[in-house]
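Below, each chain spelled out in residue letters.
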Amino acid sequence: MKLSDFDFDLPKSLIAQYPSASRTDSRLLVQKNSLIDSTFSQLGDYLKPNDLLILNDTKVIPARLFGHKDSGGKVEVLVERLVNEHEALVMIKSSRSPKIGSYIILENQSYFKICDKNDGIYKVDFESFSILNVLNEIGHIPLPPYIDRDDAKEDHSRYQTVYAKNDGAVAAPTAGLHFDELLLSSLEKKGISHAFITLHVGAGTFQPVKVEDIESHKMHSEYYEISTETIDKIEQAKALGGRVIAVGTTAVRTLESAFDNGRLKNQKGDTDIFIYPGFKFQIVDAMITNFHLPKSSLLMLVSAFIGFEEMFETYHHAIKQKYRFFSYGDAMLLEKKSE
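Below or above, wherever it landed, is the structure these notes cover. The structure displayed is predicted, hence computed values, not measured ones.

Let's shift gears to the nonpolar core. In terms of nonpolar packing, the biggest core is built from 66 residues, with Ile54, Tyr159, Leu255 and Phe325 touching the most fellow members. For this core, the element with the most residues is helix α6 (residues 297-306), which contributes seven residues. With residues near it in sequence (within four places) discarded, Ile54 still touches Ala195, Ile197, Thr230, Ile234, Val244, Ile245, Ala246, Val247, Ala251 and Leu255.

One non-glycine residue with positive phi stands out, namely Asp119, at about 55°. Tracing the backbone through its elements, the reader meets Asp119 in the loop between β9 (111-118) and β10 (121-125). A positive phi angle, close to 60°, is found at Lys322, a residue other than glycine. Topologically, Lys322 is positioned in the loop between α7 (308-320) and β19 (331-335). Here Lys322 falls in the exposed class, since its relative accessible area comes to 60%.

Moving on, we get to a negative patch on the surface. On the surface, a cluster of negative charge is contributed by Asp5, Glu212, Asp213 and Glu215. Assignment of secondary structure puts Asp5 in the segment before β1 (27-31).

A few words on the sheet that holds strand β8 (residues 103-106). What the six strands build is a closed barrel, ordered β5-β6-β7-β10-β9-β8; its pairing is antiparallel. Between one strand axis and the next, the sheet turns by 45° as a mean value, whatever way the strands run. Looking at chain direction, β8 and β9 are connected through three bridges and run antiparallel. Across the sheet, the residue bridging to Tyr103 is Lys113, located in β9. In this fold helix α1 (residues 131-138) packs onto β5 (64-69), β6 (74-82), β7 (87-94) and β8, with an angle of close to 100° to the strand it touches most, β5.

Glancing now at the pattern of salt bridges. For the coordinates displayed, the defined rule picks out 10 salt bridges. Across the salt bridge formed by Asp155 and Arg149, the nearest N and O atoms sit 2.9 Å from each other. The closest approach of N and O atoms between Lys265 and Asp260, which form a salt bridge, is 3.2 Å. Among the residues examined, Lys265 registers a relative accessible area of 29% and is labelled partly exposed. For Asp260, a relative accessible area of 34% corresponds to the partly exposed category. Taken together, the shared-partner salt bridges in this structure form one network comprising Asp51, Arg243 and Glu335.

Let us look at the environment of Ala237. With respect to the secondary-structure elements, Ala237 resides in helix α4 (residues 228-239). Classification of Ala237 as buried rests on a relative accessible area of 7%. Ala237 sits 201 residues away from Ile36 along the chain, and the two C-alpha atoms are 26 Å apart. If near-sequence neighbours (up to four positions away) are discounted, Ala237 is found in contact with Asn50, Leu52 and Gly242.

Another aspect to go through is the pairing of strand β2 (residues 35-39). Two strands pair when backbone bridges link them, and β1 and β2 are joined in this way by five bridges, in the antiparallel orientation. By the bridge assignment, Leu29 is partnered in β2 with Asp37. From the end of β1 to the start of β2, which pair antiparallel, there are three residues.

In this section: α1. All of the buried residues in α1 are Ile131, Val134, Leu135 and Ile138. Seen from one end, α1 has its buried residues packed into an arc of 95°, which puts them on one side. Set apart from the buried face of α1 by more than 90 degrees, the exposed residues are Asn133, Asn136 and Glu137. Where α1 is buried, its residues meet β5, β6, β7 and β8.

Quick look at α7 now. With 13 residues, α7 should cover 18 Å at 1.5 Å per step; its first-to-last C-alpha distance of 19 Å lies within 8% of that length. Those residues of α7 that sit buried are Met311, Phe312, Thr314, Tyr315, His317, Ala318 and Ile319. Considering only its buried residues, α7 is in contact with β1, β2, β18 (286-290), α6 and β19. Remark: Lys322 follows α7 within two positions and exhibits a positive phi of approximately 60°.

Our focus in this paragraph is the packing of aromatic side chains. Enumeration over the complete set of coordinates arrives at 18 aromatic pairs. With a centroid separation of 5.0 Å and 90° between ring planes, the pair formed by Phe281 and Phe305 is classed as edge-to-face. Of this pair, Phe281 sits in the loop between β17 (267-271) and β18 while Phe305 sits in helix α6; the two residues are 24 residues apart in sequence, bridging distant segments of the chain. Residue classification places Phe281 among the buried residues on the basis of a relative accessible area of 6%. Pairing Phe291 with Tyr315 gives two aromatic rings, centres 5.5 Å apart and planes at 80°, and the pair type is edge-to-face. In this pair, Phe291 sits in the loop between β18 and α6 while Tyr315 sits in helix α7, placing the two residues 24 residues apart along the sequence.

Conventions adopted
Residues numbered from 1 in each chain as written. Predicted model: local features only at pLDDT ≥ 70, side-chain atom pairs only at ≥ 80, totals over all residues. Heavy atoms only, no water. Core = buried A, V, L, I, M, F, W, Y, C linked by side-chain atoms within 4.5 Å. Buried < 20%, exposed > 50% of the residue type's maximum accessible area, 1.4 Å probe, protein only. Helix = DSSP H or I, 4+ residues; strand = E, 2+ residues; numbered from the N terminus. Contact = heavy atoms within 4.5 Å. Patch = residues over 30% accessible without salt bridge, like charges linked within 9 Å, V, L, I, M, F, W, Y side chains within 5 Å. Areas by Shrake-Rupley, 256 points an atom, 1.4 Å probe, with all protein chains shown as cover. Salt bridge = Lys/Arg side-chain N within 4 Å of Asp/Glu carboxyl O. Lys, Arg positive; Asp, Glu negative; His and termini not counted. Charge placed at Lys NZ, Arg CZ, Asp CG, Glu CD. Pairing = 2+ DSSP bridges. Axes fitted to C-alpha atoms, helices over the stretch in contact; angles between N-to-C directions. Arc of directions from axis to C-beta. Expected span 1.5 Å × (residues − 1). Phe/Tyr/Trp six-rings, centres within 6.5 Å; stacked < 30°, edge-to-face > 60°.

Have a look at this one:
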């Protein structure tokens, strides 16, 4: 398939700039035998006992920093990945690229050293400073490029799931933003449980596919973990006839990455899995996801999951009905296309 096959026109007015008043106020487009317009608070009406929700418990770090080079020029820094307490991989915006061995001085007078550069990503050393301490003191929430405003106080809580736990993401697993504790509790009472995986979402999630032959696209790599406890819950749910419902494309990618030689394996590591039409899903039966960018790898994943024509039918309906798109937008509940 070609990149141009995954393009569509989206009115700018449908790109959500702010979150809904409360998390479960978002609209929910349910794709089954037909398309059903609902609200996220009614999610339980479309699930059944023994279904299992897989949630991504990654935590968004305030990864955007501002400062200047030791030679004086202003810079903007995006921490892409935490390597350890003092080292990170970062992207740097500046008028001229900083030199290896030079220093960047940040707003609170903390600093880091430029150690290496590979494919536009810098490896840096904060030396005596704890990166997380620096980020928590002066960092900004790294809102996606299509949100046309500076981050605000509410973004520190709303651009974060209520179950966020493990520091490391620079973008939220946005399908999870629609859940609150009350909804999760009410689903549990209906026999709809949940389990956790971790995938630290990188800035590459916003990068469009640029090659016309999509099979030539190289995915960015992201760190993930899946535990024995989660695998046990998945196997139990399937044994009882329940569905595994991935909350977000990050959960889909984690589960399908961890499937090896006919079974799920508890593991941790990097995944650059690229899911596009023709992919055979082994674990995920249904998914909850937001609406994605044209020509994006995530749109291709959705197309692989529900079918190419069905994907466009769903998106055209959403545009006609004025659903809100992207990170702070509305959600879909999608069923895997039968083979």
